[in-house]
Amino acid sequence: MKNFSIITLVLLGLLSFSSLFVVKEGERGIVIQFGKVKRDSAEQAVVYKPGLHFKLPFVEKVRVLDARLQTLDDSADRFVTAEKKDLIVDSFIKWRISDFATYYLSTGNLKSQAEQLLKQKVNNALRTEFGTRTIKEIVSGEREELMQQAIEAAKSTSDLGIEVLDVRVKQINLPLEVSKFIFERMRTERLKVAKKHRSEGKERAEILRADIDAKITVMLAEAEREAQILRGGGEATAAQLYAKAFNKNPEFFAFVRSLEAYKNSFNSKNDIMIVEPDNDFFKYMKSTSGK
């Protein structure tokens, strides 16, 4: 009898323990009864908030769902614009469960399944919005409107029990092959412009060099002309001074001129002069008076 009482207490304890369940903060719980979501008298799904709750043991099963705000940040996708240009768009989605029973039934409480279906719906909305706009419109100022339209279109995810709170486009890039082509074209254009500037610079340098050379030639010519004038004036002045000096003693003038002639005549050892000894040219060699 005693053993029976102990077994009864143990069974009652197990039944009590299995009838209790706890929903943590940030979660919601639904009860599955005979394979269906438990509903109230108004046919609304019963959703359990955080706290301690009771259920029928062995008959009802509890499924806990995450009620927090979720972020879907997957890999970038390719979209086509109105001018049939491809764009690689990186975006993220903010969402949360709005109808826990519908979410559970449509996704099996699998987050990966929910995000796959959600991304498909949002991408379809984004694809529609991108397809009605050009690249310039998307980049220049219609991105906010585009994202708002995508949010409105994504609200059709109510059949998944999901509420889309925000859709944001983080980055828009051209496909790699298009980017390479554009960069190569830009590089070619830059090289072309650089070559043009270099050619114009070289042409300008030649013009400046020719102008400077012309100015230098003119300046040298002017300097040479002034030097000739100054030299001529100096020689004329020197000749006048020599004339005045030598006019005072013509004999001394003739003597000095003869010495200069001797110096110039015998400057080189290779010079040969055939002159008669009694020629007047050698008269100052005979005596200083020339007699």
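Worth saying up front: this structure is predicted, and the values here are computed from it rather than measured. (Residues numbered from 1 in each chain as written. Predicted model: local features only at pLDDT ≥ 70, side-chain atom pairs only at ≥ 80, totals over all residues. Heavy atoms only, no water.)

(A) The overall build of the protein chain, seen in detail. From N to C terminus, the protein chain includes eight helices and 10 strands. For the protein chain, with 291 residues in total, the buried portion stands at 23%. Summarising the internal contacts of the protein chain: among those between residues at least 6 apart in sequence, 64% fall at separations of at least 24. Working note: accessible area of the protein chain is about 20900 Å², and carbon and sulfur atoms make up 57% of it. (Helix = DSSP H or I, 4+ residues; strand = E, 2+ residues; numbered from the N terminus. Buried < 20%, exposed > 50% of the residue type's maximum accessible area, 1.4 Å probe, protein only. Contact = heavy atoms within 4.5 Å. Areas by Shrake-Rupley, 256 points an atom, 1.4 Å probe, with all protein chains shown as cover.)

(B) Highlighting the nonpolar core. L118, L126, F130 and V167 are the most contacted members of the largest nonpolar core, which totals 31 residues. Elements supplying a minimum of two residues to this core: β2 (27-33), β9 (86-97), α2 (100-107), α3 (111-131), α5 (143-154) and β10 (162-173). Each residue touching L126, except ones within four places of it in the same chain, is listed here: F79, S91, L146, A150 and V167. (Core = buried A, V, L, I, M, F, W, Y, C linked by side-chain atoms within 4.5 Å.)

(C) Here's a closer look at unusual backbone geometry. Of note, the phi angle at K84 is positive, near 65°, even though the residue is not glycine. Within the element layout of this structure, K84 appears in the loop between β8 (77-80) and β9. Overall, K84 belongs to the exposed group, its relative accessible area being 68%. In this model, N109 sits at a positive phi of 60°, which is unusual for a non-glycine residue. Among the secondary structure elements, N109 is positioned in the loop between α2 and α3. The class of N109 is partly exposed, set by a relative accessible area of 26%.

(D) Focus on a nonpolar patch on the surface. A cluster of nonpolar side chains, namely L20, V22, L52 and F54, defines an oily patch on the protein surface of about 410 Å² accessible area. Among the secondary structure elements, those contributing two or more residues to the nonpolar patch are β1 (20-23) and β5 (51-54). Position of F54 relative to the elements: it lies in strand β5. Judged by its relative accessible area of 59%, F54 is exposed. (Patch = residues over 30% accessible without salt bridge, like charges linked within 9 Å, V, L, I, M, F, W, Y side chains within 5 Å. Salt bridge = Lys/Arg side-chain N within 4 Å of Asp/Glu carboxyl O.)

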